[in-house]
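Okay, here's what each chain looks like letter by letter:
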Amino acid sequence: MEHTYQYAWIIPFLPLPVPISIGLGLLLIPTATKNIRRIWAFSSILLLSIAMGFSTNLSIQQINGSSIYQYLWSWTINTDFSLEFGYLIDSLSSIISVLITTVGLMILIYSDSYMSYDQGYLRFFAYMSFFNASMLGLVTSSNLIQIYIFWELVGVCSYLLIGFWFTRPTAASACQKAFVTNRVGDFCLLLGILGLYWVTGSFEFRDLFEITNNLIHKNAVNSLFATLCASLLFVGAVAKSAQFPLHVWLPDAMEGPTPISALIHAATMVAAGIFLVARLLPLFIAIPYIMNFISLIAIITVLLGATLALAQRDIKRSLAYSTMSQLGYIMLALGIGSYRAALFHLITHAYSKALLFLGSGSIIHSMELIVGYSPEKSQNMVLMGGLRKYVPITRTTFLLGTLSICGIPPLACFWSKDEILNDSWLYSPIFAIIACFTVGLTAFYMFRVYLLTFDGHLRLYFQNYSSTKNCLFYSISLWGKEVPKAVNRNLLLSTMNNKVFFFSKNTYQIDNNLKKSIRYFNTSFEKKYTSMYPQESDNTILLPLLVLVLFTLFVGSIGICFNQKVMDLDILSKWLTPSTNLFHPNSSYSVDWYEFFTNAIFSVSVAIFGLFIAYIFYGSVYSFFQNLDFINSFVKSSPKRIPLDKIKNGIYKWSYNRGYIDIFYTRVFTMGIRGLTDLTQFFDRHIIDGITNGIGAASFFIGEGIKSIGGGRISSYLFLYLFYVSIFLFIFLFLFFIAI
């Protein structure tokens, strides 16, 4: 076992040969490198598979041995200062290493087919491999300096991945936004690291924890300064894990290819902030008020992410806000000291969200067969619907992922989310109420995504591609049953059983001639696009989905304590024993099953209620209500409905406009900085340059005047000399007579 740990340092370096080789190959022999591009993809998959085997082996040894291994190499700069580099293998690093390698491996396999027609195929695999190497280096770092180095590498890789299609203005803007937002967090992280080093004189985690605890207990350090340093460290995690108020980069990160979205939002980049807080949790527990601050930011993020996801039209943006909300749950668990529940939900959410993102990629891939390459069309849920008939495997996997995120038993996220809710009741009833309310919102917006995508009928041919409000069928609304004034409110089309239903008591039969004309339209339309209807993705895309389904179904079992008397079956508790002993010595995880099931029944009821409300609004969009009298009474406006409509429209505007937070940042920061730049430019051009130019002009005119006076004649010089002497004598005599 000791022999295996000694070679654990190789894990972060395993994916590195691929990006290095691809980079050198494209520089030296570009044609040959591009001709064997599938070999490079296979190499990246193979090397990450080896890293996964190493990580899995270390995890098994962690579960059986429950030990922490750290290897250091000292680099002495002088007698007073030295840096130690090495790697740390414990339960936290092994868990996240397994997540990175397993999810990353599925994404690489998936990408081989998904990106096969992209000209940046080689560049994509180079970026992905470098990103995986940076993340593995981050989670195995033994001190804060190493973490910061790999932290910056992860940020650079995310910039390259989000802006992968950099020729698109929206992608270029999104990667810049992510980069700048994360720079705020990275600068705060650097300040926090330097501040703690100034207090403790060490970057090593164990020394940092021990020295800080001793200083705080002896009141040898200013508690305000220690809290400030810890807060700065947390701000770094806030930016990387998209917590409020530095979450604004996350939805725009969807401009990258879908595999990149899955990699960033599932188990890698956004998990880096969670990892940092979990790694420094003993430090945060020792410092007053910081845990309350973490919990407050987390609960705001939980609710905000859920509300912003309510009215999104882009399927990937909806999942992005879902990620933001679920990361808030994980951060909330860390803030209330529930270390086990946080890592449990990190594991379950990683596999479920990776399944959903890859499923959305399969949906987008199938929609592109009809609409062509256009993210505004292929990712727009307005144009989807009824896909269950065309992509049944993707639909089944997406449904399981959706139910898991909603917290429906016995899927993975149910067990972890309920553990967080159970612990939150013990910490703060207010936070618990907000968290439970968000469970209902989560079920609503996630099932909304599923229904708009797979239920009903394909709405693509009932929607003008321009997506303007003047379109005849713009009444197919994404928010309740509201339609703009430009459209007849009595029109809601359905083609169930060859009939057209309106908001009236009449039913109209579809004419056969109309059906023939539609078939003729279909035939002519096929000439422009590959297929008239979506098609299921190929096996290379479906295989990772099926594997992730297995994780979604069964990974929750590792955290279930089947028997309170037998802890051997609780794999997660054994896995986390060394880490939990750092801040909860001699603690053992126990479950009050009566309380757990009581809370579970309540949370599942809330989730089912959210699913029901979502089905009322979005289930079979055209023909859910068969009772036309009830529909007329539902749609007919009345004084009682006016306040409800205002509330509904207010929530819709809040969600669709991202809570106006992006607008606020644009006006305050972007426009403010531009205004300050204009003011600085004005001051520089008119004041600084004006003084310089004024001195130059004055010198020029004085010189010209002197040049015109001096002509080289002795008589002129004598005249000027006598003139100046006369003036001097006149002034002298004048002052002399005044003095007398």
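Keep in mind that this is a model prediction, so the values were computed, not measured. (Residues numbered from 1 in each chain as written. Predicted model: local features only at pLDDT ≥ 70, side-chain atom pairs only at ≥ 80, totals over all residues. Heavy atoms only, no water.)

## Brief notes about the overall build of the chain
Next, step 1: The helix and strand tally for the chain stands at 29 helices and four strands.
Next, step 2: Looking at the chain as a whole, 53% of its 740 residues are labelled buried.
Next, step 3: Look at the contacts in the chain between residues 6 or more apart in sequence, and 78% of them connect residues 24 or more apart.
Next, step 4: Within the structure as shown, the chain displays about 34000 Å² of accessible surface, and the carbon and sulfur contribution to it stands at 67%. (Helix = DSSP H or I, 4+ residues; strand = E, 2+ residues; numbered from the N terminus. Buried < 20%, exposed > 50% of the residue type's maximum accessible area, 1.4 Å probe, protein only. Contact = heavy atoms within 4.5 Å. Areas by Shrake-Rupley, 256 points an atom, 1.4 Å probe, with all protein chains shown as cover.)

## Re the packing of aromatic side chains
Next, step 1: If you walk through the whole model with that rule in mind, you get 27 aromatic pairs.
Next, step 2: A ring pair is formed by Tyr 110 and Tyr 114, whose centres lie 5.5 Å apart and whose planes are at 20°; its orientation type is stacked. Separated by four residues within a single helix, Tyr 110 and Tyr 114 lie in helix H5 (residues 91-114), roughly one turn from each other.
Next, step 3: Judged by centre distance (5.6 Å) and plane angle (10°), the rings of Tyr 652 and Tyr 656 are stacked. With Tyr 652 and Tyr 656 both in helix H27 (residues 641-656) and four residues apart, this pair spans about one turn of that helix.
Next, step 4: Among the aromatic side chains, those forming a connected cluster through ring pairs are Tyr 121, Phe 124, Phe 125, Tyr 127, Phe 164 and Trp 165.
Next, step 5: Here the basic side chain of Arg 123 rests over the ring of Phe 164, its NZ or CZ set 4.2 Å away from the ring centre. (Phe/Tyr/Trp six-rings, centres within 6.5 Å; stacked < 30°, edge-to-face > 60°. Lys NZ or Arg CZ within 6 Å of the ring centre and 35° of its normal.)

## As for the side chain of Ser 129
Next, step 1: With respect to the helices and strands, Ser 129 occurs in helix H6 (residues 121-139).
Next, step 2: Ser 129 sits in the buried class, given a relative accessible area of 2%.
Next, step 3: Looking at Ser 129, its side chain comes within polar contact range of the main-chain oxygen of Phe 125, at 3.0 Å.
Next, step 4: When sequence neighbours within four positions are dropped, the list of residues in contact with Ser 129 reads Pro 15, Val 18, Pro 19 and Ser 44. (Polar contact = N/O pair within 3.5 Å; in protein donor to acceptor, adjacent residues only side chain to side chain.)

## Section: the nonpolar core
Next, step 1: Within the largest apolar cluster, 194 residues are counted, with the highest numbers of intra-cluster contacts made by Ile 95, Trp 249, Phe 284 and Leu 334.
Next, step 2: If you tally residues by element for this core, the top one is helix H17 (residues 339-371), at 19 residues.
Next, step 3: With near-sequence residues (within four places) excluded, Leu 334 lies in contact with Ile 274, Val 277, Ala 278, Leu 281, Met 291, Tyr 339 and Ala 342.
Next, step 4: Listed in part, the six residues of the second largest apolar core include Trp 40, Leu 47, Leu 122 and Ala 126. (Core = buried A, V, L, I, M, F, W, Y, C linked by side-chain atoms within 4.5 Å.)

## Examining the confidence of the model for the chain
Next, step 1: For the chain, per-residue confidence averages 81 on the pLDDT scale, and 81% of positions sit at 70 or higher.
Next, step 2: Counting interchain partners and residues more than four positions distant, the pLDDT-below-50 stretch residues 463-530 has 112 contacts.
Next, step 3: Per-residue pLDDT stays below 50 along residues 621-637; that stretch engages in 29 contacts with residues further than four places along the chain or on separate chains. (pLDDT = per-residue confidence, 0-100.)

## Observations regarding the packing of H6 against helix H12 (residues 258-265)
Next, step 1: Running from N to C, H6 and H12 point in directions that differ by 5°, and their axes come no closer than 12 Å. On the basis of the axis angle, H6 is roughly parallel to H12. Contacts between H6 and H12 pair Phe 124, Met 128, Phe 131 and Asn 132 from the former with Pro 259, Ile 260 and Leu 263 from the latter.
Next, step 2: Taken together, the residues of the contact of H6 with H12 break down into six nonpolar, one polar and no charged. (Axes fitted to C-alpha atoms, helices over the stretch in contact; angles between N-to-C directions. Parallel < 35°, antiparallel > 145°, perpendicular 65-115°, else oblique. Nonpolar A, V, L, I, M, F, W, Y, C, P; charged D, E, K, R; others polar.)

## Examining unusual backbone geometry
Next, step 1: Residue Pro 245 is reached from Phe 244 by a cis peptide bond, and omega for that bond is 5°.
Next, step 2: With a phi close to 55°, Ala 242 is a non-glycine residue in the positive phi region.
Next, step 3: Tracing the sequence through the fold places Ala 242 in the loop between helix H10 (223-240) and helix H11 (249-252).

## Digging into the pattern of salt bridges
Next, step 1: In total, this model carries 13 salt bridges according to the counting rule given.
Next, step 2: Close ionic contact of Asp 455 with Arg 388 constitutes a salt bridge, the shortest N to O distance being 3.5 Å. Linking Asp 455 in the loop between helix H21 (429-454) and strand S3 (499-501) with Arg 388 in the loop between helix H18 (375-378) and helix H19 (392-406), this pair joins segments that are 67 residues apart in sequence.
Next, step 3: With relative accessibility at 11%, the residue Asp 455 sits in the buried group.
Next, step 4: One salt-bridge network, held together by shared partners, links Arg 168, Lys 177, Asp 252, Glu 255, Arg 317, Arg 658 and Asp 662. (Salt bridge = Lys/Arg side-chain N within 4 Å of Asp/Glu carboxyl O.)

## Considering a nonpolar patch on the surface
Next, step 1: Taken together, the side chains of Phe 719, Phe 723, Tyr 724, Ile 727, Phe 730, Ile 731, Phe 734, Leu 735 and Ile 738 define a hydrophobic patch exposed on the protein surface, amounting to about 1000 Å² of accessible area.
Next, step 2: Here Leu 735 is to be found in helix H29 (residues 714-739).
Next, step 3: For Leu 735, a relative accessible area of 53% corresponds to the exposed category. (Patch = residues over 30% accessible without salt bridge, like charges linked within 9 Å, V, L, I, M, F, W, Y side chains within 5 Å.)

## Quick notes on the environment of Val 449
Next, step 1: Tracing the backbone through its elements, the reader meets Val 449 in helix H21.
Next, step 2: Taking C-alpha positions, Val 449 is 8.8 Å from Thr 402, a pair spaced 47 residues apart along the chain.
Next, step 3: Look past the residues within four positions of Val 449 in its chain and what remains in contact with it is Ile 315, Ser 318, Met 381 and Phe 398.

## Here we look at the packing of H6 against helix H7 (residues 144-162)
Next, step 1: Packing of H6 against H7 brings their axes to within 8 Å, and their N-to-C directions diverge by 155°. By the criterion of interaxial angle, the relationship of H6 to H7 is roughly antiparallel. In the crossing of H6 with H7, the sense of the turn from one axis to the other is left-handed. Along its contact with H6, which presents Tyr 127, Met 128, Phe 130, Phe 131, Ser 134, Met 135, Gly 137 and Leu 138, the element H7 presents Ile 147, Phe 150, Trp 151, Leu 153, Val 154, Cys 157, Ser 158, Leu 160 and Leu 161.
Next, step 2: Classifying every residue of the contact of H6 with H7 gives 14 nonpolar, three polar and no charged. (Left-handed = near helix turned anticlockwise from the far one by under 90°.)

## Topic: helix H15 (residues 290-308)
The α-helix advances 3.6 residues per turn, and as a result positions three or four apart in sequence lie on the same side.
Next, step 1: Helix length check: H15 (19 residues) gives 27 Å between terminal C-alpha atoms against 27 Å at 1.5 Å per residue, within 8%.
Next, step 2: Counting buried positions along H15 gives 14 out of 19 residues, so the element sits mostly inside the fold. (Expected span 1.5 Å × (residues − 1).)

## Quick notes on helix H23 (residues 539-554)
Next, step 1: Between the first and last C-alpha of H23 there are 23 Å, a value that for 16 residues agrees with the 22 Å anticipated at 1.5 Å per step.
Next, step 2: Of all the positions in H23, only Ile 541, Leu 542, Pro 544, Leu 545, Leu 548, Val 549 and Thr 552 are classed as buried. Buried residues of H23, viewed axially, fall in a sector of 160°; they line one side. In this structure, H23 carries Asn 539 and Phe 554 as exposed residues pointing more than 90 degrees from its buried face.
Next, step 3: If you follow the buried residues of H23, they end up packed against H5, H17, H19 and helix H20 (412-427). (Arc of directions from axis to C-beta.)

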